[in-house]
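# Analysis of the macromolecular model
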Amino acid sequence: ISDIDDLRITVETLSEIREAEVDIDMKVSPIEEAYLLLAKHNVTVTKEESEMVDSLRYSWKKLKGLVLDVQAQLSTIQPVFRKDLLGAVEKFSFDVDEYTKDYTENGPMNQGIAPKTASERLVVYQRGFDELNRKLETYTGGEELFSIPVTPFPHLIKIKKELKLLQNLYGLYNDVLDKRNMVCP
C-alpha cells in the first residue's frame, strides 16, 4: 500500500469480503455435503472438480486469514496516511488558491482579450484544472475514508462550471472559424 488510493481500494476490498462472508459460509457447507452425498452413492466426479471442492474451505479460510493480516497492517499504517493526507490537503488548498488567483487575473474570462487568445488560455487553464480536480477526488475520497470532514473548495466548483461553459462557447467559436476558413481560404 503506497498511497491513499491503494489504501481506499484495500479498505473497499476488505469491506466487500466482509459483506460476502456470511453468504460464502452458507454456500460452502451445502456444496461439500452435496459432493459427500455424490461420493457416498458412488457417482463419478472428475478429479479436478473433486479437488476444487476439497480445497474450497481451505482457500476460504486462507483468504479470511489474509484479511486479518491486512487489517492488522492497516491499523499500523493508517495514522501515517492520515497525517500525510492532512498535509496534502493543506498544500492542495494553497495550490487551489494560487490557481484561482492566476485564473482570475490571467484566465480566459479576462476582460479585453481577443477570442482566439481566450480560446488558447482555456486549453491551458483546463489542463491545470483537470490536474487539480484529479487531486480533489483523491483527497475527498481520503477524507471520507478517515471520516474527516470533507474540505470544501467552492472556487474550484465555480471554475469547473465556467470552464464547461467556456468549452462549449469556444468549441462553437473554433468550429465557425474552421468552417469559414474552409469556405474562404
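Numbering of residues begins from 1 in every chain and follows the order in which that chain's sequence is written. Owing to the predicted nature of the model, reporting of local features is limited to residues with pLDDT of at least 70; listing and counting of side-chain atom pairs is limited to 80 or more, with chain, interface and lining totals taken over all residues. Think of the side-chain values as coming from all heavy atoms in the structure, minus any hydrogens and water.

Here we come to the overall build of the protein. Helix and strand definitions here come from DSSP, where helices need a minimum of 4 consecutive H or I residues and strands a minimum of 2 consecutive E residues; each element is numbered from the N-terminal end. Summing up its helical and strand segments, the protein has four helices and zero strands in all. Starting at the N terminus and ending at the C terminus, the protein contains elements arranged as α-α-α-α. With respect to the principal axes defined by its C-alpha atoms, the protein has extents near 90 × 50 × 20 Å. Only protein chains enter the area calculation, which uses a 1.4 Å probe; residues under 20% of their type maximum are buried, those over 50% are exposed, and those in between are partly exposed. With 185 residues in all, the protein has 25% of them scored as buried.

On to the packing of helix α1 (residues 4-40) against helix α2 (residues 47-106), then. Comment: axis = line fitted to C-alpha atoms, over the contacting stretch for helices; angle = value between 0 and 180 degrees taken between N-to-C directions. Packing of α1 against α2 leaves a shortest axis separation of 10 Å and a crossing angle of 155 degrees. By the angle class used here, α1 and α2 are roughly antiparallel. Relative to α2, α1 is oriented so that their crossing is left-handed. Each residue gets one label: Ala, Val, Leu, Ile, Met, Phe, Trp, Tyr, Cys and Pro are nonpolar, Asp, Glu, Lys and Arg are charged, and the others, such as Gly, are polar. Grouping the amino acids of the contact of α1 with α2 by side-chain chemistry returns 17 nonpolar, four polar and seven charged. An angle counts as roughly parallel when it lies under 35 degrees, as roughly antiparallel when it exceeds 145, as roughly perpendicular when it falls between 65 and 115, and as oblique in every other case. Note on convention: the crossing is left-handed when the near helix lies turned anticlockwise from the far helix by less than a right angle, right-handed when the turn is clockwise.

Each salt bridge in this description consists of a side-chain nitrogen of Lys or Arg and a carboxyl oxygen of Asp or Glu lying within 4 Å of one another. Applying the stated criterion across every chain yields a total of eleven salt bridges. With its nearest N and O atoms 3.9 Å apart, the salt bridge here joins Glu51 to Lys47. Of this pair, Glu51 and Lys47 both sit in helix α2, four residues apart, roughly one helical turn. The class of Glu51 is partly exposed, set by a relative accessible area of 42%. Overall, Lys47 belongs to the exposed group, its relative accessible area being 61%. The salt bridge partner of Glu120 is Lys116, with a shortest N-O separation of 3.8 Å. Here the residue Glu120 and the residue Lys116 both occupy positions in helix α3 (residues 115-145), the gap between them amounting to four residues, near one helical turn. What you see here is one network of salt bridges that share partners, running through Asp5, Arg8 and Glu12.

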